[in-house]
Amino acid sequence: MRAQLLTGLALTALALFAVPAVLADGTLAMLAPAAALGLPAVGVSVLTGRAGLPTLGQGAPFAVGAYATALLARAGLTTGPAQLVAAALAGALFALATGPVVVRARGATALMITLALGELVATAAGRWTSVTGGTDGLAGIPPVQLWWGGSPLTDDTALYRYLVVVTALALGVTVLVLGSPLGLLLAGSRDHEERMRAAGHRVGGHLLAAYIGAGALAGLGGALLVTEQSYVSPADVGFGTSSLVLLAAVLGGIGSPLGALAGTVLVVVVRDQLAAHWPGHGPLLLGALFVAAVYLLPDGITSIRLRRP
Amino acid sequence: MSLTLSEVTCRYGQLTAVDRVDLMVRDGERHAVIGPNGAGKSTLLALIAGTVRPSTGRVLLDGRNLGATGPARRARAGIARTFQQPAVAASLTALDNVALAAWPRADLRGFWRPSRYRALRAGALDWLDRVGAADLADRPAGQLSHGQRRLVELAAALAGRPRLLLLDEPAAGLTDTESARLIAVLAGLPAEVAVVLVEHDLAFVGALAGRITVLHEGRVLAHGTPAAVGADPQVRSVYLGSREL
Ligand SMILES: Nc1ncnc2c1ncn2[C@@H]1O[C@H](COP(=O)(O)OP(=O)(O)OP(=O)(O)O)[C@@H](O)[C@H]1O
Ligand SMILES: [Mg+2]
């Protein structure tokens, strides 16, 4: 775990300083969507890979976090940390409310239930016009401030660094929790649920905790989305998002949080850049990527080694 | 801890796996349940552990009806078990398997803290050592052989310091040395621990059991001391044949 944290730290520094030095401002904007989707993907990776609870509905807490942030920002709360706490709480509360249904299910049933929840929330976002702005979405969101009384973050590089720092912190906390005995417990429940119950563990409670954690991560991602594009609409939070983050988590080697982030960058670059050269074929490219990943890299892109260990 | 089953029946559809069984296991009693394949022995253990609910009848622990109490709560009350098919968390090491199993009933409960978990691991290593599996501690349980998993699972069950221990064929798949060691470990359990042992290996049963219940087609065919059960002509014809208890 220490090695993982150090790698994470090194990558964060790289992302913070080396990447902006090499890439032009416009290219940085291309990585920004990966920041918003990265944390939901990390949550999916934890839930599906570590806890063994597959989910196709992380778009829902993502939506809750995004709309909460957008509404708060429009109401004048533009301080970054406050927005982040509010969004994480919103995502976690959504998970707490829906969790009791979800954590009873396993396998394909869990996929269907989370899928339905995701669709429900996306539909609500489209219909509840008075609050969400309906399909038009919420625009005119003021830029975020780093701290109370700080100046608004409008510069591309500064904004990008903000996204990187928040993502790195959330990822660090996730890795720490997974490295704790709670992480072992989740793995044990995934491997042999009956064994864990026979020892006296409240498996359902631990799964609920993991689901709430993933909800908070998705909520944070929602806040970053709003910060990054100053806008949110139902199109940002629907099935497309849920499946994209699942794809990213699978690409990253299911169960590896850092891998899920790497997977997100790959997915976003394929979706936004390659598809731009080949209009209309984005989903096809992603589908091909998915099939290739499942067949060629069962342990994900982070399992690629240059040398044998 | 005393266990009473009163008129317990368990049906799977048409099939009656356990049929109006009465069973009494007193504090510290070492009770063997034997019988031919499909007699309902594993189902009986599942009924006690709470993974299967009786169709009719009651399971009482210290006189209290367990009713719909789930397996995790029963485990926290002091019922530990091993499965016929040895159950381990495959991706975790043998040591983590045992330490996690010890956690819910450990004195140092409370918030998960790495230092507490380290203490738990030290105790877990001790249990692995007692069953003769200390050298497996750092191996992922998924890589272990059938017999090795059985030892790890047993260490996990013991590490929870149970008051009632349910063992489903613990000697199956073990070498003679391993099973002799197991007998020594089980004989060395604190006197107040009650054990319900399902086992086909009659030498193993004979070495441990103070009382025996014979199941046949879900019903109790005979029960009593090993000598009395061994001499029962019905038990001889249905299960023992020419073997001696
Ligand atoms: N989940 C289940 N669904 C349907 N039938 C079952 C189930 N579990 C067990 N049975 C049936 O109930 C009967 C008793 O099974 P059980 O496993 O309790 O027997 P056993 O005495 O443990 O046998 P063995 O010595 O082979 O382990 C068998 O006929 C078995 O096929
Ligand atoms: Mg059996």
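In this text, all values refer to a predicted model and were calculated from it rather than measured experimentally. (Residues numbered from 1 in each chain as written. Chains lettered and ligands numbered in written order. Predicted model: local features only at pLDDT ≥ 70, side-chain atom pairs only at ≥ 80, totals over all residues. Heavy atoms only, no water.)

Trainee: In this structure, what is going on with the overall build of chain B? I would like to understand it.
Mentor: Scanning chain B from terminus to terminus reveals nine helices and 10 strands. In terms of C-alpha radius of gyration, chain B reaches 18 Å, essentially the compact-globule figure of 18 Å for 245 residues. Considering only C-alpha atoms, chain B reaches an extent of 55 × 40 × 35 Å along its principal axes. In chain B, which comprises 245 residues, the proportion classed as buried is 52%. (Helix = DSSP H or I, 4+ residues; strand = E, 2+ residues; numbered from the N terminus. Rg over C-alpha atoms; globule rule 2.2 N^0.38 Å. Buried < 20%, exposed > 50% of the residue type's maximum accessible area, 1.4 Å probe, protein only.)

Trainee: Please clarify how the pairing of strand S4 (residues 56-61) of chain B should be interpreted in this entry.
Mentor: The two faces of the sheet receive side chains in turn, since in a regular strand these alternate between them. All names here are of chain B. With five bridges connecting them, strand S1 (residues 3-12) and S4 associate as antiparallel partners. Looking across to S4, one finds that Leu 3 is bridged to Leu 61. The sheet contact formed by S4 and strand S5 (residues 64-65) spans two bridges and is antiparallel. When the sheet's bridge partners are listed, Leu 61 is paired in S5 with Arg 64. From the end of S4 to the start of S5, which pair antiparallel, there are two residues, and Asp 62 there has a positive phi angle of about 50°. (Pairing = 2+ DSSP bridges.)

Trainee: Is there a simple way to think about the sheet that holds strand S3 (residues 30-34) of chain B in this case?
Mentor: By way of backbone hydrogen bonds, the strands of a sheet pair with one another, either parallel or antiparallel. Residues and elements named next belong to chain B. With mixed pairing, the six strands of this open sheet are ordered in space as S6-S7-S8-S3-S9-S10. The two strands at the open ends of the sheet, each matched to only one other strand, are strand S6 (79-81) and strand S10 (219-224). This sheet shows a mean twist of 15° between the axes of neighbouring strands, independent of strand direction. Where S6 and strand S7 (residues 164-168) come together, three bridges link them in parallel fashion. Among the inter-strand pairings, Ile 79 is bridged to a residue of S7, identified as Leu 164. Contacts from helix H1 (residues 41-49) reach S3, S6, S7, strand S8 (194-198) and strand S9 (211-216) within the one sheet, and its direction differs from that of S7 by about 150°. (Axes fitted to C-alpha atoms, helices over the stretch in contact; angles between N-to-C directions. Contact = heavy atoms within 4.5 Å.)

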